[in-house]
Amino acid sequence: MAIEDNPQSRERYGEELRSRREAAGLTQEELSQRAIMTRTHIAHIEAGRRRPSADDARRLDQVLGTGGIFERFLPTLDGRKVAEHFEAAKEMEQQASVIRQYAATLVPGVLQTEAYARAVFQAGFPPKTDEECDKALVTRLGRARILDDPKSPVMWTMLDEAVLRRHVGGPAAMAHQLRHIAELGDRRRVRVHVLPFGAGAHALLESMVSLMWFEDLPPVVYVEGWNTGKVLDLPSVVQQGMAAYDLALGDALSHRKSLALIRSVAEEYERDAQ
């Protein structure tokens, strides 16, 4: 059975992993190679700073011959309904001091308004009931609380122009969503850059990407696709992600021009809604 995720449970989980690893005569590097994880990730789990994914826990059990202990007692985000592949990324999002994200098709979850988010949930498969949508909305809208602090995390959001043009929830919902992003940008809580269609191919064309920095931990990159997502902390991969983000940013509109475009598109939706 799972236990609630909190710093104390992660520390106990990490201590158990260290004990079992040492009893097996393995170094962190040896365990990481056999479990197909990075040594850094193993170190963070043992220190109680991060939790493994369910797949990570299964591989740890297989390598250490622990009969499913690490999977059964994996600290879970009890009561917070997010996709399993997003659990680790959601936790890191709450801890990050800097977030730089790129969205190819949808407004990033932390910036979504209620009407926009509901339309996204209702379009998914398998279909959600109204009750399931309501629960998912509580979680998604709750993520925006990280923006209540006027300074941290520092957030940069790069949006493909397709995000602005894709009708999600109808013209009124889109107008409200874009006005929300523009308002955050106007007060410099979020720095916004739009990658216009005219930019053509760019370095982040193939994936949604979120880069996260922390006060006392190495940075990570989170990438996501349909029904899947992964936090990557291998330094060489994170550096690649940073470089790709910088290259794409060079093709994007400035913050000022991006806000002007967002407001212009919002006005188009408002006219359509009348």
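Please read these numbers as outputs of a predicted model, since none were measured by experiment. (Residues numbered from 1 in each chain as written. Predicted model: local features only at pLDDT ≥ 70, side-chain atom pairs only at ≥ 80, totals over all residues. Heavy atoms only, no water.)

Peer 1: Summarise unusual backbone geometry; cite the residues concerned and give the values.
Peer 2: Residue Pro 126 follows Phe 125 across a cis peptide bond; omega there is 0 degrees. Positionally, Pro 126 belongs in the loop between α7 (114–122) and α8 (130–143). The linkage connecting Ser 152 with the following residue, Pro 153, adopts the cis geometry, with an omega of 0 degrees. On the secondary structure map, Pro 153 appears in the loop between α8 and β4 (154–160). Backbone geometry places Ile 36, a non-glycine residue, at a positive phi of 55 degrees. Of note, Ile 36 is situated in the loop between α2 (28–35) and α3 (39–46). (Helix = DSSP H or I, 4+ residues; strand = E, 2+ residues; numbered from the N terminus.)

Peer 1: Give me the pattern of salt bridges: which residues, what numbers.
Peer 2: Under the definition given, this model contains 17 salt bridges. For Glu 91, the salt bridge identified is with Arg 10, shortest N-O distance 2.9 Å. On the criterion of sequence distance, the pair formed by Glu 91 in helix α6 (residues 87–95) and Arg 10 in helix α1 (residues 7–23) is long-range, its members being 81 residues apart. Given the relative accessible area of 9%, Arg 10 is considered buried. With a closest N to O distance of 3.8 Å, Glu 46 and Arg 18 form a salt bridge. (Salt bridge = Lys/Arg side-chain N within 4 Å of Asp/Glu carboxyl O. Buried < 20%, exposed > 50% of the residue type's maximum accessible area, 1.4 Å probe, protein only.)

Peer 1: An account of the packing of aromatic side chains is needed here, citing residue identities and associated values.
Peer 2: Taken as a whole and assessed by the stated rule, the structure comprises 1 aromatic pair. When the ring of Tyr 13 is compared with that of Phe 70, the centres are 5.5 Å apart and the planes differ by 70 degrees; the resulting orientation is edge-to-face. Separated by 57 residues along the polypeptide, Tyr 13 in helix α1 and Phe 70 in helix α5 (residues 69–72) bring together distant segments of the chain. In terms of burial, Tyr 13 and Phe 70 fall into one category: buried. (Phe/Tyr/Trp six-rings, centres within 6.5 Å; stacked < 30°, edge-to-face > 60°.)

Peer 1: Describe the nonpolar core, naming the residues involved and giving the relevant values.
Peer 2: Counting 39 residues, the largest nonpolar core has Leu 111, Met 155, Leu 164, Leu 178, Met 212 and Ile 262 as the members making the most contacts within it. Val 209, Val 221, Val 238 and Leu 249 belong to the second largest nonpolar core, which has 15 residues in total. (Core = buried A, V, L, I, M, F, W, Y, C linked by side-chain atoms within 4.5 Å.)

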